[in-house]
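Report on the structure
Here is what each chain is made of, one letter per residue.
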Amino acid sequence: MIAALIVVLPFAGALLGLLLSRYPHGRSPAENLAANKRAAWFGVVPTALSAALIGWLAWENTPSTNVLTVIDTGGISITVGLEVTELSVLTAMLVGVVALAVQVYSVGYMRGESRYPSFSAFISLFTSAMLLVVFAADLMVLYVGWEIMGLCSYLLVGHWWEERANSRAAIKAFLVTRLGDVGFLFGIFVLGFAADSFRISDILAADIPQSTLVLATLLLLAGVAGKSAQVPLHTWLPDAMAGPTPISALIHAATMVAAGIFVVARLYVLFPQPTLDVLGVAAAIGMLGAALAAFAQNDLKRVLAYSTISQLAYMAAALAGGARDAAVFHLVTHGAFKALLFLCAGAVIHHVGSNLLHHMGGLRRSMPVTFWTMTIGYAALIGLPPASGFFSKDAILYGLERSTSPIQLLLYGSALLTVGVTGAYATRAWLMTFFGTGKIQALPEPAPGTAHIFDGREAPPSMLWPLGVLAVPALLLGFTDVGEFHLAPAVTALVVALLGAAFVYVVWRGSPERDPARLLGAFRDPCEQAFYVDRLYAALFVRPVLALARGVVRTDDGVVDGAVRGSGRATVGLSGLLRHLQNGNAQLYVTGVLAGVLLIAVGAVMLG
Amino acid sequence: MHVVYPAVVAALLFSIGVYGVLARRNTILVLMSVELMLNAVNLNLIAFDVWLRDVLHSGQVLTLFVIVIAAAEVGIGLAIVLAVFRTRKAIELDRLRDLGEP
């Protein structure tokens with residue numbers, strides 16, 4: 001019951017925001033401001049209520065199931081219901097807190113933006129969909145939420161659609177995740193038909209043969225890779241950074257991309273070893289590759305995007321290695337600190353008016369609050385004690401060390417290497433943003449699609465409060481699970497991370513004006529291009545599909561339209577011949593009539 | 001007198017009328033050709049009435065009708081010809097092509 005309220009509240013907020021924000025209609029600046037104010041209330045209040053209810057649910061801590069209705073489809077029926085489990089409450093807590101922080105943050109970030117009402121309404125809709133995924137008791141209901149999330153991601157990435165690159169990025173994000181979702185839907189079908197029910201509890205309890213499970217989970221894995229930006233469907237996430245920064249924080253760092261990991265964790269007992277091995281190989285490649293790519297990026301948001309891919313691959317590796325609880329733990333801590341990092345990056349970008357790291361520098365003094373909160377975020381990302389990332393990474397490494405997976409060595413080695421590279425890229429971004437000398441004199445007026453420049457030194461309070469609120473869990477969340485702490489892997493990870501960080505620091509110290517990414521040498525360009533995966537996909541899939549589409553257009557123009565137009569032209573040509581008879585000479589007509597009468601008469605005589 | 005003679009004469013008259021309707025350019029001559037055709041029919045009616053020895057002489061009665069209607073028809077036809085001549089200064093049939101396809 002409470003769960004239903006939690007899901008419905010943000011949805012109602014979205015409806016109200018879309019329908020009533022602009023009532024009465026008007027487009028003058030004053031009316032725009034009033035609409036934005038109303039939309040902010042519609043966005044913040046339901047999300048806050050929902051977050052409070054999640055808190056209550058977590059405090060009560062009683063698993064329950066509520067079924068609204070059963071849809072009889074003639075085949076396997078669909079149960080519209082919500083199920084509260086420990087995992088779902090934990091994830092919902094993360095979603096609620098991050099969504100609330102982002103709603104409050106975007107009030108300041110999108111100030112004066114004429115499309116703010118739809119923006120905040122879509123955030124509410126997204127929150128509702130994500131909560132539906134988290135609480136769904138039926139795979140079909142989960143899939144509904146799953147698709148609405150994808151739609152909201154598309155709408156919000158393309159929020160500044162005036163810039164062609166932004167709408168292209170939105171379409172790319174939508175198409176790539178859709179590609180995975182097709183597999184996901186078929187995976188649901190296979191599971192549903194094998195268990196004769198779409199209810200998750202029934203499926204988990206059903207006795208499904210191993211081969212069916214492998215097929216179904218591999219199909220599910222396609223959707224998981226699409227949503228969670230795992231290799232090979234990860235290419236959309238860096239481009240999705242074209243969206244406004246709060247969106248990157250909410251959807252592309254903390255919640256939607258974590259949904260894939262969540263689904264695997266929710267259905268974990270179904271995943272047989274072969275599927276987990278596939279997941280593990282993809283994760284091992286993804287985490288190291290994405291971390292290296294993050295090291296070479298020049299755009300702060302893209303650094304964080306690749307970092308997200310890398311951290312999600314961590315969770316996937318933990319799942320593949322059998323450490324489900326560690327994966328969920330990292331999911332929650334990562335959601336908190338990555339949302340924090342993105343919101344801080346938004347504040348920095350707001351201040352500087354540019355996304356590029358080499359436009360930044362020396363912001364430590366002018367933005368003290370952002371500096372400290374972002375430092376906490378980076379500390380959690382690197383895994384420095386006592387920040388939350390330290391504990392969750394330790395749990396994952398411990399799990400991977402103990403794993404009985406056949407690819408344990410690959411997973412563990414890749415994870416350890418990635419810890420080092422993570423230390424390096426986080427330190428690089430931190431140093432280049434906040435230290436050295438300021439490099440901005442005067443940037444041109446930003447085009448739509450980039451953030452506005454503020455005159456003030458620090459971001460407005462509505463942006464700073466969420467930073468402070470998120471910094472607390474990013475710093476302290478690790479202590480909730482401190483009983484599971486293991487010293488040996490923690491020290492190993494810490495040493496490796498510090499090694500990476502120190503290496504970058506020494507290089508940066510040598511000449512603070514230059515990018516530490518030069519460390520990579522000849523390897524820098526491949527890293528910056530993310531190992532040319534985009535180009536490979538363009539050559540393998542995009543260009544052939546475009547050529548095919550052009551062929552279809554030409555066929556439609558030439559053959560189908562040609563047939564229609566040709567029949568018209570043939571009729572006109574033939575009737576042109578008959579037209580010559582209608583020359584207006586009545587005697588000719590009479591001659592024709594007489595000839596006809598004669599023919600009929602002769603015919604009648606001959607045949608009669 | 002055998003019925004074949006008037007029948008042949010009527011057929012010849014009718015053919016002359018058809019030729020006039022189809023080939024003459026002058027509208028008044030076309031009207032006269034129509035009269036020829038009507039009179040060929042009248043000749044036929046009389047001849048067959050006599051040959052069949054019809055007690056009621058319906059052939060002759062019908063002929064009287066046709067003569068009256070032909071007179072009326074020629075009156076209207078000539079009036080039309082006059083009207084056409086007044087408006088267009090021409091009564092040649094092949095020059096009156098306003099209803100033709102342009």
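It should be emphasised that the depicted structure is a prediction, and the values quoted were computed from it without experimental measurement.

Turning to the overall build of chain A, a few remarks are in order. Helix and strand content of chain A: 23 helices and 2 strands. Seen along its three principal axes, the alpha-carbon backbone of chain A occupies a region of about 120 × 65 × 55 Å. Across the 608 residues that make up chain A, the buried fraction comes to 50%. Pairs at least 24 residues apart make up 81% of the contacts formed inside chain A by residues separated by at least 6 positions.

Counting residues at the interface gives 9 residues for chain A, matched by 9 residues for chain B. Taken together, the residues that form the side of chain A that touches chain B break down as 2 nonpolar, 6 polar and 1 charged.

In this section: helix α4 (residues 116–135) of chain A. With 20 residues, α4 of chain A should cover 28 Å at 1.5 Å per step; its first-to-last C-alpha distance of 29 Å lies within 8% of that length. Among the 20 residues that make up α4 of chain A, 19 are buried, leaving the element largely enclosed by the rest of the structure.

This next bit is on the nonpolar core. Counting 201 residues, the largest nonpolar core has I261, A317, L319, A339, L340, L343 and A474 of chain A as the members making the most contacts within it. Take this core: its biggest share by element is 19 residues, from helix α14 (residues 324–352) of chain A.

Turning our attention to the packing of helix α1 (residues 2–20) of chain A against helix α2 (residues 29–60) of chain A. All names here are of chain A. Close contact between α1 and α2 brings their axes to 9 Å; oriented N to C, the two are set at 175 degrees. Comparing the axis directions of α1 and α2 gives the class roughly antiparallel. Residues I2, A3, L5, I6, L9, P10, A12, G13, L16, G17 and L20 of α1 form the contact with α2, whose own contacting residues are R38, A39, F42, G43, P46, T47, L49, S50, L53, I54, W56 and L57. Here the residues of the contact of α1 with α2 sort into 17 nonpolar, 5 polar and 1 charged.

Partitioning chain A into domains gives domain 1 (272–440 + 453–528) and domain 2 (540–607). The straight-line distance from the C-alpha centre of domain 1 of chain A to that of domain 2 of chain A is 72 Å.

Here the focus is the confidence of the model for chain B. Considering every residue of chain B, the mean pLDDT works out to 92; 99% of them sit at 70 or more. Scoring of the predicted complex yields 0.80 for pTM and 0.85 for ipTM.

All names here are of chain A. Both strand β1 (residues 64–71) and strand β2 (residues 78–84) contribute to a ladder of 7 bridges, which runs antiparallel. The residue bridging T65 from the neighbouring strand is E83, located in β2. Following β1, the chain reverses through 6 residues before pairing antiparallel with β2; G74 in that reversal takes a positive phi of roughly 95 degrees.

All names here are of chain A. Residue position: S511 is located in the loop between α20 (487–510) and α21 (524–528). Accessibility expressed as a C-beta count within 10 Å gives 11 for S511, which makes it exposed. With 75 residues separating them along the chain, S511 and G436 place their C-alpha atoms 9.6 Å apart.

For the bond from V231 of chain A to P232 of chain A, the omega torsion is 5 degrees, close enough to zero to count as cis. Its place among the elements puts P232 of chain A in the loop between α8 (210–227) and α9 (236–239). Residue P386 of chain A is bonded to the preceding P385 of chain A through a cis peptide linkage, with omega at 5 degrees. With respect to the helices and strands, the residue P386 of chain A is situated in the loop between α16 (368–382) and α17 (388–402). Notably, A530 of chain A is not glycine yet its phi reads approximately 55 degrees, a positive angle. Within the element layout of this structure, A530 of chain A appears in the loop between α21 and α22 (533–579). Classification of A530 of chain A by C-beta neighbours within 10 Å gives buried; the count is 22. The phi dihedral of K89 of chain B is positive, around 60 degrees, even though this residue is not glycine. Its place among the elements puts K89 of chain B in the segment after α3 (58–88). We classify K89 of chain B as exposed; it has 8 C-beta atoms within 10 Å.

Conventions we followed
One numbering rule holds for all chains: residues counted from 1, following each sequence as written. The lettering of chains begins at A and the numbering of ligands begins at 1, in the order of writing. Local features are withheld for residues below a pLDDT of 70 in this predicted model, meaning they are given only at 70 or higher, and side-chain atom pairs are given and counted only at 80 or more; totals for whole chains, interfaces and linings count all residues. Secondary structure follows DSSP: runs of H or I at least 4 residues long count as helices, runs of E at least 2 residues long count as strands, and numbering of each begins at the N terminus. Residues with at least 20 neighbouring C-beta atoms inside 10 Å of their own are called buried, those with 12 or fewer are called exposed, and the rest are partly exposed, where every C-beta is derived from the backbone. This entry defines residue contacts through backbone-placed C-beta atoms, with two residues in contact when those atoms are within 7 Å. Note on residue classes: Ala, Val, Leu, Ile, Met, Phe, Trp, Tyr, Cys and Pro are nonpolar, Asp, Glu, Lys and Arg are charged, and everything else, Gly too, is polar. Helices are assigned an expected span. That span is 1.5 Å times one less than the residue count. The nonpolar core criterion groups buried Ala, Val, Leu, Ile, Met, Phe, Trp, Tyr and Cys residues into a set whenever they are joined through C-beta atoms within 7 Å. Axis definition: a line fitted to C-alpha atoms, over the contacting stretch in the case of helices. Angles run 0 to 180 degrees between N-to-C directions. Orientation categories follow fixed angle ranges, with anything under 35 degrees roughly parallel, anything over 145 roughly antiparallel, 65 to 115 roughly perpendicular, and all other angles oblique. Domain delimitation follows an automatic or database domain assignment. By definition, pLDDT measures how confident the predictor is in each residue, and it falls between 0 and 100. At least two bridges found by DSSP between two strands are what make those strands a pair.

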